Amino acid sequence: MSLPDTPAAADPSPATGSGTERSTAALAEPTQKVTARWVTGLVLVNVGINAAFFGPINVFIAEQAIGIDETNKEAIASLVLGCGAAVSLVANPLFGALSDRTVSGFGRRSPWVLAGAVLAAAALLAMSGATAVALMVLFWCLVQLGANAAYAAITAAVPDRVPVPQRGGVGGLAALGQTAGILLGAVFGAVVSGNFMVGYTMCAAALLFSVLPYLFHRNDPPLPRELRPPFSWGSFLRGFWISPARHPDFAWAWLTRFLVNVCNQLTIVYLIFFLGDILKLENPALGVLILTGIYAVLVMVTAVIAGPWSDRVGKRKPFVIASSVMIAMAGLTMAFFPVWTGALVGAAILGIGFGAYQAVDFALLTQVLPQAADRGKDMGVINVAASLPQVFATGLAFLAVRYFGGYVTLFVAAAVIGLLGAVFVVKIKGVD
């Protein structure tokens, strides 16, 4: 399904004027800086999607699992989260590839942002009434399906519209939006305090309202029908394999992102259980809110500093390596200082590291994409590196906590994996 990217890159003209200019606008390498209004819309979509993800992940699914079977709450939460993450592995690259091929006057990415948000919101409302594990799994999978459709599209919009010298800054603001969404989900969890039905409804409303500013100012040039290649299942499916031999930088970038996200997920996946069972907090949901607040503030600060800083110096790898090491250090802090103060320090370290990482690694990833015509699919494949860790992390966390030494083993394993992610960044040769 791929198109050569040379013709597109050769003509970066905006979609005005001649037929040739219009035909290349959707695939051209962007050169004109995006407006503050467009970036605001992008940020808000990230806020809504992450509130819809992390309100349930951090609080509501755990509370719902306790209500169904408190004895097996960890197993239920792991099953629901793992199944949803497995859906996201398929949904993100699939909808990215479909958006690459979408022919619509509404643009290529915008229809999927809208449709995905509507589906995810409806599934969140349905999940609020689920009284059985099977229904929790079904509806959470539908949430993942819809939210990943929207996320794949909004992620692909960045290399579509943002020039390379601006991507660190935009990546930092996108990270700010993601973190604000995580914080908003934690606020929902603390405000409703155990009433997960109301919490799911709040997440659904936040998601729907968040996409509106982007849709009204989307800057999403349509793909001319004549430039969409003929469809065949063989070429469509083969397109999801990106050869490491032909594109080694893409492969190493994918691997390092995967490892760092495994580290991050292992650190936070059982946070509410860690606070309640190990630190003995009376209100673990409030503890999650406090730690998430510290983390969120520092992520937002470091993201908006590190992203533009990397743009100015023209380097990505030193920032990615340093931030990966800091993320790993957060796991070691939680492992060897299992007290409330240690949790506060760990949250601060994780926030500083992950803010810089999200901003700069995102910019780095957009610079190793194989070709312009497949940006949505290729960014979807990259996004798998953030989704797949949820599958691994829930299983690894369950085994570590139940059978292999508890939370010390869990957090040390997280740190080792994160440090490997930092080491392998040096293998990327095409980006400084």
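As shown above, the structure is provided for reference.
Throughout, residues of each chain are indexed from 1 in the direction in which the sequence is written. Only residues with pLDDT of at least 70 get local features here, since the model is predicted, and only at 80 or more are side-chain atom pairs given and counted; chain-wide, interface and lining totals rely on the full set of residues. Excluded from the side-chain calculations are hydrogens and water; all other atoms, namely the structure's heavy atoms, are used.

Asks: Please clarify how the overall build of the protein should be interpreted in this entry.
Replies: Under the scheme used here, helices are H or I runs from DSSP no shorter than 4 residues and strands are E runs no shorter than 2 residues, and both carry numbers assigned from the N terminus. What the protein contains, in helices and strands, is 17 helices and 0 strands. A compact globule built from 432 residues should have a C-alpha radius of gyration of about 22 Å, and the protein, at 21 Å, falls within 12% of that. For the protein, the spread of C-alpha atoms along the principal axes amounts to about 65 × 45 × 40 Å. Sorting the 432 residues of the protein into buried and exposed places 58% on the buried side. Within the protein, residue pairs in contact and separated by at least 24 positions form 84% of the contacts whose partners lie at least 6 positions apart. Surface accessibility follows the Shrake-Rupley procedure with a 1.4 Å probe radius. Residue values consider only the protein chains on display as shielding. Total accessible area computed for the protein in this model is approximately 16100 Å², and 70% of it derives from carbon and sulfur atoms. In this tally, Asp and Glu contribute negative charge and Lys and Arg positive charge; neither His nor the terminal groups of the chain are included. The location of each charge is read from NZ of Lys, CZ of Arg, CG of Asp or CD of Glu. Charge-centre separation for the protein: the mean point of 25 positive side chains lies 6 Å from the mean point of 20 negative side chains. As a reference, a globule follows 2.2 Å times the number of residues to the power 0.38, and the radius of gyration itself is taken over C-alpha atoms. A simple rule labels every residue: compare its accessible area, found with a 1.4 Å probe on the protein chains alone, to the largest value its type can have, and call it buried under 20%, exposed over 50%, or partly exposed in between. We call two residues contacting when some pair of their heavy atoms lies within 4.5 Å.

Asks: I tried to follow the environment of Leu208 on my own but got confused; where do I start?
Replies: Examined against the element boundaries, Leu208 turns out to sit in helix H8 (residues 196-210). A relative accessible area of 37% places Leu208 in the partly exposed class. For the pair formed by Leu208 and Phe196, sequence separation is 12 residues and the distance between their alpha carbons is 19 Å. Sequence-distant contacts of Leu208, defined by excluding residues within four places in its chain, comprise Ala117, Val118 and Ala121.

Asks: Help me out: how do you make sense of unusual backbone geometry in this one?
Replies: Phi is positive for Asn219, close to 50°, though the residue is something other than glycine. Its location among the elements puts Asn219 in the loop between helix H9 (212-216) and helix H10 (233-238). Given a relative accessible area of 39%, Asn219 falls into the partly exposed group. Backbone geometry places Lys280, a non-glycine residue, at a positive phi of 60°.

Asks: Help me understand the packing of helix H3 (residues 36-69) against helix H6 (residues 133-161), please; the structure alone is not making it clear to me.
Replies: Any two packed helices are characterised by how steeply their axes cross, that is the angle between the axes, and by the distance between the axes. All axes are obtained by fitting lines to C-alpha atoms, using only the stretch in contact for helices, and the reported angles, taken between N-to-C directions, cover 0 to 180 degrees. Running from amino to carboxyl end, H3 crosses H6 at an angle of 160°, the nearest separation of the two axes being 11 Å. Taken together, the axis directions place H3 and H6 in an arrangement best described as roughly antiparallel. As H3 runs across H6, the sense of the crossing is left-handed. A per-class count over the contact of H3 with H6 returns 21 nonpolar, 4 polar and 1 charged. For classification purposes, angles smaller than 35 degrees are called roughly parallel, those larger than 145 roughly antiparallel, those between 65 and 115 roughly perpendicular, and all remaining angles oblique. It is the rotation of the near helix from the far one that decides the hand of a crossing: anticlockwise by less than a right angle makes it left-handed, clockwise makes it right-handed. By the convention adopted, Pro, Cys, Tyr, Trp, Phe, Met, Ile, Leu, Val and Ala count as nonpolar, Lys, Arg, Asp and Glu as charged, and the other residues, Gly among them, as polar.

Asks: I keep staring at the packing of aromatic side chains and nothing clicks. Help me out?
Replies: The description of an aromatic ring pair rests on the distance of the ring centres and on the angle between the ring planes. Two rings from Phe, Tyr or Trp (for Trp, the six-membered ring) form a pair when their centres are within 6.5 Å of each other. A pair whose planes differ by under 30 degrees is stacked, one over 60 is edge-to-face, and the rest are tilted. This model, assessed by the stated rule, comprises 18 aromatic pairs. A centroid spacing of 5.1 Å and a plane angle of 80° characterise the contact between Phe231 and Trp233, whose relative ring orientation is edge-to-face. Through a chain of ring-to-ring contacts, the aromatic side chains of Phe231, Trp233, Phe236 and Phe240 assemble into a single cluster. Charge over a ring is defined by NZ of Lys or CZ of Arg lying within 6 Å of the ring centre and within 35 degrees of the ring normal. A cation sits over an aromatic face here: Lys73 above Phe273, 5.6 Å from the ring centre.

Asks: Looking at this structure, how should I read the packing of helix H7 (residues 167-192) against helix H13 (residues 284-313)?
Replies: Taken N-terminus to C-terminus, the directions of H7 and H13 make an angle of 175°; their axes are 7 Å apart at the nearest point. The angle between the axes of H7 and H13 places the two elements in the roughly antiparallel class. Counted by class, the contact of H7 with H13 contains 17 nonpolar, 8 polar and 2 charged residues.

Asks: Even after reading the chapter, I still don't get the side chain of Asn383, so can you show me in this structure?
Replies: Mapped onto the fold, Asn383 is located in helix H16 (residues 375-403). Every residue in contact with Asn383, bar those within four places of it in the chain, is listed here: Asn92, Tyr151, Ala152 and Thr155.

Asks: Help me understand the pattern of salt bridges in this model?
Replies: Pairs can form between side chains of opposite charge once their charged atoms are near each other. By salt bridge we mean one thing: a side-chain nitrogen of Lys or Arg within 4 Å of a carboxyl oxygen of Asp or Glu. Counted by the stated rule, this structure contains 10 salt bridges. Between Arg375 and Asp160 there is a salt bridge, and its shortest N-O distance comes to 3.2 Å. Placement of Arg375 in helix H16 and of Asp160 in helix H6 is noted, with a sequence separation of 215 residues between them. Of the charged contacts, one joins Lys377 and Asp378 as a salt bridge, the two residues approaching to 2.8 Å between their closest N and O atoms. Lys377 sits in the buried class, given a relative accessible area of 4%. Each of Asp100, Arg108, Arg109, Asp160 and Arg375 takes part in a single network of salt bridges with overlapping partners.

Asks: Any chance you could explain a nonpolar patch on the surface here in plain terms?
Replies: A contiguous nonpolar surface patch, about 550 Å² in accessible area, is contributed by Leu173, Val297, Val301, Val304, Ile305, Trp309 and Val313. Top element by residues in the nonpolar patch is H13. It accounts for 6 residues. Mapping Leu173 onto the fold places it in helix H7. Like charges are joined within 9 Å and nonpolar side chains (Val, Leu, Ile, Met, Phe, Trp, Tyr) within 5 Å, but only among residues with over 30% relative accessible area and no salt bridge; these make up the patches.

Asks: Whenever I open this one, the nonpolar core confuses me. Can you help?
Replies: In a soluble, globular protein the nonpolar side chains are often hidden away together inside. The definition of a nonpolar core used throughout is a set of buried Ala, Val, Leu, Ile, Met, Phe, Trp, Tyr and Cys residues joined through side-chain atoms within 4.5 Å. Core analysis: the biggest nonpolar cluster contains 120 residues, and Ile49, Ile61 and Trp140 have the highest contact counts within it. The element that contributes the greatest number of residues to this core is H3, accounting for 16 residues. Residues in contact with Ile61, not counting those within four places in the same chain, are Pro56, Ala77, Val80, Leu81, Met127, Met136, Trp140 and Tyr200.

Asks: For this particular structure, what's the right way to read the side chain of Thr366?
Replies: Mapped onto the fold, Thr366 is located in helix H15 (residues 340-366). Two N or O atoms count as a polar contact when they lie within 3.5 Å, although within protein this holds only if one can serve as hydrogen donor and the other as acceptor, and sequence-adjacent residues are included solely when both atoms are side-chain atoms. At a separation of 3.1 Å, a polar atom in the side chain of Thr366 contacts the side chain of Arg167. Within the structure, the side chain of Thr366 is placed 2.7 Å from the backbone oxygen of Ala363, a separation counted as a polar contact. Setting aside its immediate chain neighbours within four residues, Thr366 contacts Pro159, Arg167 and Met379.

Asks: Before we go on, may I ask you to explain the environment of Ala393 in this structure?
Replies: With respect to the helices, strands and loops of the structure, Ala393 is situated in helix H16. With 21 residues separating them along the chain, Ala393 and Ala414 place their C-alpha atoms 9.1 Å apart. Here Ala393 is in contact with Gln265, Leu266 and Val269, once residues within four sequence places are set aside.

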